[in-house]
Amino acid sequence: MEKVNYVFFVDFDGTVTNMDACHAMVTNLAGEGWEEINKKWENKELSTVECARQTFKLFKRKDIEALNKIIDPITIDPTFKDLVSYCEKNQFPLYILSDGYDFYIKYLLAREGLNIPYYANRMIFNPDLDIETPYHSSCGICGVCKSQLMEHLQNTGTKSIYIGDGYSDFCPSKKADFVFAKSTLYKHCLAAGKEVHEFRSFGDILKILQSLRIGRS
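Residues numbered from 1 in each chain as written. Predicted model: local features only at pLDDT ≥ 70, side-chain atom pairs only at ≥ 80, totals over all residues. Heavy atoms only, no water.

## Side note on the overall build of the protein chain
Then, number 1: On a plain count of helices and strands, the protein chain comes out with ten helices and seven strands.
Then, number 2: Taken against the 2.2 N^0.38 rule, which gives 17 Å for 217 residues, the C-alpha radius of gyration of the protein chain at 17 Å falls within 12% of a compact globule.
Then, number 3: Counting only C-alpha atoms and orienting by the principal axes, one finds that the protein chain spans roughly 60 × 35 × 25 Å.
Then, number 4: Taken across its 217 residues, the protein chain has 52% of its residues classed as buried.
Then, number 5: Restricting to contacts in the protein chain with at least 6 residues of sequence separation, those with at least 24 account for 59%.
Then, number 6: About 11400 Å² of surface is accessible on the protein chain, with carbon and sulfur atoms providing 48% of the total.
Then, number 7: Separation of charge centres in the protein chain, based on 26 positive and 29 negative side chains, amounts to 4 Å. (Helix = DSSP H or I, 4+ residues; strand = E, 2+ residues; numbered from the N terminus. Rg over C-alpha atoms; globule rule 2.2 N^0.38 Å. Buried < 20%, exposed > 50% of the residue type's maximum accessible area, 1.4 Å probe, protein only. Contact = heavy atoms within 4.5 Å. Areas by Shrake-Rupley, 256 points an atom, 1.4 Å probe, with all protein chains shown as cover. Lys, Arg positive; Asp, Glu negative; His and termini not counted. Charge placed at Lys NZ, Arg CZ, Asp CG, Glu CD.)

See the structure below:
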């Protein structure tokens, strides 16, 4: 039997991490009005860029020290490293695709000793907060088009596995051969009739992969 190769695409905030870093920054630093802005983003009435720039205007502090103080307590799922080891053992590429920000993804991965390729928006601190979107979507909604990145990063003949939890995962989950989801994404996949495997930790995902006979455990 010919070996099937897989590629893993993983969301970051609330998936790899125990909490959404963007949400933590907003709830701690933004004044009144951020919830209305966020709801418009969820309903695709605002793009990621528009949402970010409007929300930044509400921040009470905009210095890197204030942001780092919020980011530092955030932890990753302790079983995420097991998935990383699994992918390395099976020579399955693993990419992090995030509509969040590069500065905290870089920091949190380095703190855990993980060297994983990631694609995210760039937060600019010069001199005010701003956002750059080098991987923006052609539709103009997401700052990082996960669907386009999946097409670019997936080799011909491989099968894709997507792991996520939120609104920015809706589109890429449609493209994936296998979807592991929790929270908002899981409910969305069920409503859309997309086959999905629910998980709470990456340990759950590894058990399901074993049951599906994907790779070597």
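## Regarding the pairing of strand 4 (residues 129-132)
Then, number 1: Here strand 4 shows one buried face, formed by L129 and I131, and one open face, formed by D130 and E132.
Then, number 2: Between the antiparallel neighbours strand 3 (residues 118-125) and strand 4 lie three residues. (Pairing = 2+ DSSP bridges.)

## Observations concerning the nonpolar core
Then, number 1: Among the nonpolar cores identified, the biggest contains 52 residues, and F8, F80, L83 and Y104 are the most heavily contacted of them.
Then, number 2: Of all the elements, helix 1 (residues 21-29) adds the most residues to this core, at six residues.
Then, number 3: Apart from the residues lying within four places of it in its own chain, the contact partners of Y104 are F12, D13, A21, C22, M25 and I71.
Then, number 4: In terms of nonpolar packing, the next biggest core, distinct from the first, is built from 18 residues, V144, V179, L185 and V196 among them. (Core = buried A, V, L, I, M, F, W, Y, C linked by side-chain atoms within 4.5 Å.)

## Some remarks on the environment of G33
Then, number 1: For G33, the position within the fold is in the loop between helix 1 and helix 2 (34-42).
Then, number 2: According to the relative accessible area criterion, G33 is partly exposed, its value standing at 29%.

## Considering the side chain of K146
Then, number 1: Mapping K146 onto the fold places it in helix 7 (residues 146-153).
Then, number 2: With a relative accessible area of 2%, K146 lands in the buried category.
Then, number 3: A polar atom in the side chain of K146 sits 3.1 Å from the side chain of D11.
Then, number 4: Within polar-contact distance, the side chain of K146 engages the side chain of D169 at 2.8 Å.
Then, number 5: Excluding anything up to four places from it in sequence, K146 contacts D11, L97, S98, D99, Y162, S168, D169 and P172. (Polar contact = N/O pair within 3.5 Å; in protein donor to acceptor, adjacent residues only side chain to side chain.)

## A few points about the packing of aromatic side chains
Then, number 1: For the coordinates displayed, the defined rule picks out 18 aromatic pairs.
Then, number 2: Relative to Y101, the ring of F56 has its centre 6.1 Å away and its plane inclined at 40°; by these criteria the two rings are tilted. Here Y101 lies in strand 2 (residues 94-101) and F56 lies in helix 3 (residues 48-56), a separation of 45 residues in the sequence. In this structure, F56 and Y101 share a single accessibility class: buried.
Then, number 3: Aromatic side chains F103 and Y104 sit 5.5 Å apart centroid to centroid with 80° between the ring planes, which places their arrangement in the edge-to-face category.
Then, number 4: Classification of F103 by relative accessible area gives buried; the value is 16%.
Then, number 5: Among the aromatic residues, those joined into a ring-pair cluster are F12, F56, F59, Y101, F103, Y104 and F125. (Phe/Tyr/Trp six-rings, centres within 6.5 Å; stacked < 30°, edge-to-face > 60°.)

## So, unusual backbone geometry
Then, number 1: The phi dihedral of K44 is positive, around 65°, even though this residue is not glycine.
Then, number 2: Mapped onto the elements of the fold, K44 is located in the loop between helix 2 and helix 3.
Then, number 3: K44 gets classed as partly exposed once you look at its relative accessible area, which sits at 42%.
Then, number 4: One non-glycine residue, R213, lies in the positive phi region at around 60°.

## Focus: the pairing of strand 5 (residues 159-164)
Then, number 1: Of all six residues making up strand 5, five are buried, and the element is well covered by its neighbours.
Then, number 2: Note: strand 1 (residues 6-10) against strand 5, five bridges, orientation parallel. Considered in strand 5, the bridge of F9 is made with Y162.
Then, number 3: Taken together, the four bridges between strand 5 and strand 6 (residues 178-181) define a ladder with parallel strand orientation. Bridge pairing links I163 to F180 in strand 6.
Then, number 4: Taken together, strand 5, helix 8 (residues 170-175) and strand 6 constitute a β-α-β crossover, and its handedness is right-handed. (Right-handed = clockwise from strand over helix to strand, strands pointing away.)

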